[in-house]
Structure formats: structure tokens, C-alpha cells
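In case you want the letters, here they are:
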Amino acid sequence: MESFSLILAIVVITALAFDFTNGFHDTANAMATTISTGALKPKVAVALSAALNLVGAFLSVEVANTISKGLVDETGIRPEVIFAALVGAILWNLLTWLVGLPSSSSHALMGGLIGAAIASAGFGAVHGGVLVTKVLLPAVAAPVVAGLAAMVSTRLSYTIGRKSDGKAADKGHRVGQIASAGLVSLAHGTNDAQKTMGVITLALIAGGAIAPGSNPPTWVILSAGLAIALGTYIGGWRIIRTMGKGLTDLQPQQGFAAQTSAATAILASSHLGFSLSTTHVVSGSVMGAGLGRKGGVVRWSTATRMAVAWILTLPAAALVGAGAELVTGLGDWGTALVALFLVASSAVIYKLSRREVVDHTNVNHEEPAGVVTQAIAAVTPPPASPVAAGPAAPEPAAQAADQPLTVPAPEPLTVPAPEDLAAAFPAQATAPAVPAAQAADPAPTAAQAVPPAATV
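Keep in mind the model is a prediction, meaning the values are calculated, not measured.

### As for the confidence of the model for the chain
Here comes step 1: In this model, the chain carries an average pLDDT of 76, and 73% of its residues clear a pLDDT of 70 or more.
Here comes step 2: Within the chain, no element has a lower average pLDDT than helix H15 (residues 371-379), which sits at 41, and none a higher one than helix H14 (residues 332-353), at 93.
Here comes step 3: Per-residue pLDDT stays below 50 along residues 369-405; that stretch engages in 3 contacts with residues further than four places along the chain or on separate chains.

The structure is reproduced here in C-alpha cells:
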């Protein structure tokens, strides 16, 4: 019983550690656009988001019930399985944070849980219907729906405010953006904090601490809310920069439209019990807002990298979770080995992140070019310059627009003195001597009149 209590405590602590990583990994979902447009200062934004994440954790338990009761079979699930699932989710969160990619913490958690459950009890331990209807389908539909809603909202916002005063409209949209960012933070706490609640509740059921089918206890709700709020306050600045500056350039109207659309989608899905990825929703709404403004662009290279990370999240976390479960199945020393691996890997990732520090002081700097972009720039030859063209003269029309056309006066012509010519051309200064016969008879002879034949 003592060893069981120890493993259960380890699972709860690891789940709260995942919740912490979920907080700083997903801060960008709520505050990236607000920070990038200057509506709020970075530290103020993350503090507001942390407080609202804590409040949102108490609003609902529907998503927690989806994870603790619906995704996997409760019977036969050991606490070690939950621990292995959390290892896969945490490592994927840290890896994607290191490279600044806003992947889904929700899918990382569910992928780890699926892989560990399959490794422990086979494919029958996963409820396929729940996986498809409440995880996979929302993952595909959420960014599309949120993106279309944000694009329409952005166009309406610009159309309605076309005749309004520019500064007053910007100020109004910034205020609205702060309110919508708070709504996204509230929705994030309602949706994402519940996933950790569901995992801890599942571990408590597996360990026999509470009865099957129970709702999360109050202390579980409170601890999960505090963990995600603390992680949010730390701020995942790398992902905030990617979401705010690397995906598209947003104006206050676009930021307001993107966050309002995202908050609506997240709150609706939480009410229905869908374990929706807030990252997918917010990323889709940001892209939609970028396309909604005339002349707006989306950096598709960044969007492609994000899409690849989304596709890999479930299988990658599942593989790590399955591998961790196979090791923990060897006994207590196997569980200790997995815990040591998790701590060591986290330390290495943190050490690597110190090579290029991103924090609130440089979060709004432009995202550095990716590896592919740098490689293309290295092998691309510079543009060919005109041969012997010299500096281009300004066009008269362009010059006339700035200043009147002026023609410089010609310099006076100077004739060199004979002495200077003699010094410069000594061979030509003295005329060659004329033979006496030729001087007496200046008329040339026939032989002299014919030029000599050219020597080949």
C-alpha cells in the first residue's frame, strides 16, 4: 500500500508538472495578438491571462469527464500507465516550445494516454468512437471554422469602420482586444485545466482512491487551476513571438476579430465536452484574420511547420508514452528510470533554450529566418549589376517632382602650352630630318609614290 501511495503521489505531481507546461506553452493562445499589436504590455498581459485561467478552471468539468470517463477504459488502467502518458506529453510540450512551435498540449496529453493504454492493455483499451468524435474531428474542424469566422469578422470590422476616425477606431479595437483576450484566457482555463483534472481523476480511480465515475474532487480542481495559472504567468515567450509576429502581421482590428472568434469556439466546445485544442483554434483564427485584411498576408512557411507539428503530436506522444509504459512495467526500478529520463531530458532542453533567450524584452522582435530560408539565401547568387553602366542618372520627371532641373555650367576650355606638349609627347615634338635630295626635288618618284607591300 505504501508503494502504491508513492506511485500515486508521483502521478499527481507529474500531472501538475504537465499542467504547468501547458500553461506557458499555451499563453500565446490568449495573449500573442494582444502583445504584438501593443494593446497590453507583455508582463501585464501574462498576469491577466494567469488570473483568468485560474477562474476558468472552476467553470466546468465536462472536458475532465471526457478524459477520465470516455477516452480510455478505466478498468485495468494502473497509475503507472497515467505516469507514462504524462511523460510523453511533457516531453513533446518542451520540444515544441524549444523550437517555438504552437502545438497542441491537449493532443500531446491524449496521444501519451492512448499510447500508454495500448501498451498496457491493447487496442481495446481505447474507445475509438470517442477518439474520433471528440478529438480527431474537432482537431480538423476547429481551425477551419475559427479561421473563416475570423476572416469574415475582420472584413466586417474594416467595412464598418471605414469612415470612422482612425485613431479613435484603433483605440476602440485595442480595448475590445483586451476584453476578447481575457475571454480567451477564461476559455483556456475552462478547457485546458480540465484535462489535467481528468488525468488526476483517472489516476485516483485507477488507484482506488475514489469510486469509478466520480467527478474531480475540489482539491484537484484547485491544484490544476493554480498550476496552469503559474505556467501562464511564466510566459512561453518563444511561442508568443511565433504566434504574434511569425504567422502574420496583425492590426488591432484583426486582433480583436481573431480573439473573439477563438473565444466563442473554445467556450462552445467546452460546453459540449469536446477536448478541443485551443492552439488549433487560435492559430486558425489568426490566419483567418491575416487573410481578412486587404493586403494582409500569411507566412505559409511558418503555417506549414505548425501543421506538421500538429500532425505529429498524437503519434509522437503516443510512441513516447508507449515506450515509457513498457519500461515502467518492469517494476519500481523501471518507474524510477523513466522519472530520471524525464528530469534529465527536461534539463537538457532548458539548457539548449538558454543559447537564445526570448523573454518579454524581445518578444515583439521579428522572428528569425528558418533553416530552409537561410539555406536558400546562402546559395542564391546576388543580382547581376549592369556592365560598365556607371551610376544611373536621375530621371527628369522624378527630379522635377523634388526640385527644378539644373544643368551644370561647362568648365572653360584650356589649351596646353607648347612646352607642356613637348614634355608630354617628346617623340612628336621634333620633326624628322628630310633628306637633301628630297628637299631639292620635293616631287615624289613613282617608286616612292607606291606604298610598300604589306609583310605577311
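### Focus on a nonpolar patch on the surface
Here comes step 1: On the surface, a cluster of nonpolar side chains totalling about 460 Å² of accessible area is made up of Leu-330, Trp-333, Leu-337 and Leu-340.
Here comes step 2: Looking at the secondary structure, you find Leu-340 in helix H14.

### Section: helix H7 (residues 128-160)
Residue pairs spaced three or four apart in an α-helix point in one direction, given the helix's 3.6 residues per turn.
Here comes step 1: In this model, H7 (33 residues) spans 46 Å end to end at C-alpha, consistent with the 48 Å of a helix rising 1.5 Å per residue.
Here comes step 2: Maximum bend of H7: about 45 degrees, positioned at Pro-138.

### Quick look at the packing of helix H2 (residues 27-36) against helix H3 (residues 42-56)
Here comes step 1: Look at H2 against H3: their axes get within 10 Å of each other, and the N-to-C directions meet at 145 degrees. When you trace H2 past H3, the crossing you get is right-handed. Note on element contacts: H3 touches H2 through Pro-42, Ala-45, Val-46, Leu-48 and Ser-49, opposite Thr-27, Ala-30, Met-31 and Ile-35.
Here comes step 2: Of the residues assigned to the contact of H2 with H3, the class counts are 7 nonpolar, 2 polar and no charged.

### A word on the environment of Tyr-158
Here comes step 1: Examined against the element boundaries, Tyr-158 turns out to sit in helix H7.
Here comes step 2: Exposure remark for Tyr-158: the relative accessible area of 23% places this residue in the partly exposed category.
Here comes step 3: For the pair Tyr-158 and Lys-294, spaced 136 residues apart in sequence, the C-alpha separation works out to 9.1 Å.
Here comes step 4: If near-sequence neighbours (up to four positions away) are discounted, Tyr-158 is found in contact with Gln-251, Gln-253, Gln-254 and Arg-293.

### Things to note about the environment of Pro-42
Here comes step 1: When you line up the elements, Pro-42 lands in helix H3.
Here comes step 2: For the pair Pro-42 and Trp-237, spaced 195 residues apart in the sequence, the C-alpha separation amounts to 9.2 Å.
Here comes step 3: Leaving out residues up to four positions away in the same chain, Pro-42 has contacts with Ile-35, Trp-237, His-360 and Val-363.

### Description of the nonpolar core
Here comes step 1: Ranked by size, the top nonpolar core spans 88 residues in total, and within it Ile-82 and Leu-86 carry the most contacts.
Here comes step 2: Per element, the largest residue contribution to this core is 14 residues, and it comes from helix H5 (residues 79-98).
Here comes step 3: Apart from the residues lying within four places of it in its own chain, the contact partners of Leu-86 are Val-11, Thr-14, Ala-15, Phe-18, Leu-109 and Val-199.

About the cut-offs
Residues numbered from 1 in each chain as written. Predicted model: local features only at pLDDT ≥ 70, side-chain atom pairs only at ≥ 80, totals over all residues. Heavy atoms only, no water. pLDDT = per-residue confidence, 0-100. Helix = DSSP H or I, 4+ residues; strand = E, 2+ residues; numbered from the N terminus. Contact = heavy atoms within 4.5 Å. Patch = residues over 30% accessible without salt bridge, like charges linked within 9 Å, V, L, I, M, F, W, Y side chains within 5 Å. Areas by Shrake-Rupley, 256 points an atom, 1.4 Å probe, with all protein chains shown as cover. Salt bridge = Lys/Arg side-chain N within 4 Å of Asp/Glu carboxyl O. Expected span 1.5 Å × (residues − 1). Bend = angle between axes of the 7 residues up to and from the residue. Axes fitted to C-alpha atoms, helices over the stretch in contact; angles between N-to-C directions. Left-handed = near helix turned anticlockwise from the far one by under 90°. Nonpolar A, V, L, I, M, F, W, Y, C, P; charged D, E, K, R; others polar. Buried < 20%, exposed > 50% of the residue type's maximum accessible area, 1.4 Å probe, protein only. Core = buried A, V, L, I, M, F, W, Y, C linked by side-chain atoms within 4.5 Å.

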